[in-house]
Amino acid sequence: MSASKADAVVATPTQPPRKEVPTSARRAPKPPRKPSGIVKLVTPYLLVAPAILGIAFLLFYPVVRNVMLSFQHYRFKQLISRSAEYIGWGNYQEVLKDPEFWEVTRRTFYFTAVNVVAIMVISTLCALMLMKLGKSMRIVVLIGLVAAWATPVIAATTIFKWLFRSDNGVVNWALVELGFDSYENYTWFAHGTSTLTVVTLLIVWQSIPFATLTIYAGLTTMSTDVYESARLDGAGPVRIFRSITFPILRPIFALVTSLEVIWIFKSFAQIWAIAGENGPINEVRTLPVYAYQKGMVLKLFDMSGAISTITVLILVVMLVFYFRQMFKQEREADK
């Protein structure tokens, strides 16, 4: 067999070639069907409707109902008969003329200021300490913070009541061992000042983990080159924090401070659990506790609604003033 015949044999395919389907004959895929104008307009609202309804039921309805209650004469008799008379601003006038209301309001402002300052200072120091710790020790401290944060309020309150017991409490024992003999069998929950001190320690202990973790998360996002440059220029730790760390993390500090103001201002469970049963509750009560006493203890639901509404308005005014000052400082810094 010649070479040309051999090449022809090799080049001959063993199977007949497939027939190519013309491109024009291929079936083009159908484009996705576009929703109509009405469906496209309504779909986003339908997706968020469950969340909006839940918020409206759990938040807006109670607030509106409380405001309506504050303009009515609503006592135990009206609760049974389910009928109440609108009296306008009468409840607010009675509340604002009550000396007890102003005493409780001053105590609430003082209590909030002391707690927020202590929380922010200690949390900032803890966050800066975490930046200096090694990996293993940092993990241990973070686990401790999360564990303290996850402890239920009532459980933590019970622990603190055990710690400050007058007969066998750990705190009295430790103070006596340190030489403070006057604290032997000292009754912490018999006086308003000492009871408020225990409540403050409890709330600060519960609030530090959240503030520390939030500030620490902000510190981890900052570049180390800025700190190195500042140290080379001779800046110390205080100057670095005041001129670099705080200005950069100002939004985080503002967020944490505003949240702590809200949480401390409306604190109720810790105060009532420690002093509400057998303690000096009238000497440590804040506005939320005062509103609860009026409504649930004395059955003055209309007065309780007025006090609660005033409390919300005070909190809103405080936050608006705080944010205005913060934004003003930011505008001046940008200039």
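Residues numbered from 1 in each chain as written. Predicted model: local features only at pLDDT ≥ 70, side-chain atom pairs only at ≥ 80, totals over all residues. Heavy atoms only, no water.

1. A few points about the packing of helix α10 (residues 224-232) against helix α11 (residues 237-248)
Rules: Only the stretch in contact is used when a helix axis is fitted, and all axes are lines through C-alpha atoms; the angle between N-to-C directions ranges over 0 to 180 degrees. Helix and strand definitions here come from DSSP, where helices need a minimum of 4 consecutive H or I residues and strands a minimum of 2 consecutive E residues; each element is numbered from the N-terminal end. If you view the pair so one helix is near and one far, a crossing is left-handed when the near helix is turned anticlockwise from the far one by less than a right angle, and right-handed when it is turned clockwise. Contacts between residues were defined by any pair of non-hydrogen atoms, one from each residue, lying within 4.5 Å. Each residue gets one of three labels, nonpolar for Ala, Val, Leu, Ile, Met, Phe, Trp, Tyr, Cys and Pro, charged for Asp, Glu, Lys and Arg, and polar for the others, Gly among them.
With their axes 11 Å apart at the nearest point, α10 and α11 run at an angle of 145 degrees to one another. Note that α10 runs across α11; the crossing there is right-handed. Residues V226, Y227, A230 and R231 of α10 form the contact with α11, whose participating residues are I240, I244 and T245. For the contact of α10 with α11, the class distribution of residues is 5 nonpolar, 1 polar and 1 charged.

2. What about α10?
We apply this condition: Here a polar contact means two N or O atoms within 3.5 Å. Within protein one must be a hydrogen donor candidate and the other an acceptor candidate, and residues neighboring in sequence count only if both atoms are side-chain atoms.
The N-cap of α10, judged by a side-chain oxygen 3.3 Å from the amide nitrogen of D225 a few residues on, is S223. Of the residues trailing α10, G234 is marked for its positive phi of about 95 degrees.

3. As for the side chain of S304
Inspection of the secondary structure puts S304 in helix α16 (residues 301-334). Contacts of S304, omitting those with residues within four sequence positions, involve A291, K294 and G295.

4. Observations regarding the side chain of S258
Cut-off, in case you're wondering: For every residue, the accessible area (1.4 Å probe, protein chains only) is compared with the maximum for its type, and the residue is labelled buried under 20%, exposed over 50%, or partly exposed between those bounds.
In this structure, S258 sits in helix α12 (residues 250-265). You can call S258 buried: its relative accessible area is 6%. Of note is the side chain of S258, whose polar atom sits 2.7 Å from the backbone oxygen of L255.

5. Regarding the packing of aromatic side chains
The test is simple: Any Phe, Tyr or Trp ring, taking Trp's six-membered ring, that has another such ring centre within 6.5 Å forms a pair; planes under 30 degrees apart are called stacked, those over 60 apart edge-to-face, and the others tilted. A positively charged side chain is recorded as over a ring if its NZ (Lys) or CZ (Arg) lies within 6 Å of the ring centre. The angle to the ring normal must also be within 35 degrees.
All chains considered together, the criterion is met by 20 aromatic pairs. Arranged with centres 6.1 Å apart and planes meeting at 75 degrees, the rings of Y74 and F301 form a pair that is edge-to-face. With Y74 in the loop between β1 (72-73) and α3 (76-81) and F301 in helix α16, the pair connects residues that are 227 residues apart, well separated along the chain. Comparing Y74 with F301 shows no difference in burial state: the two are buried. Cluster of aromatic residues (ring-pair linked, three or more members): F160, F164, Y183, Y186, W188 and W205. Positioned above the aromatic ring of Y74, the side-chain terminus of R65 is 5.9 Å from the ring centre.

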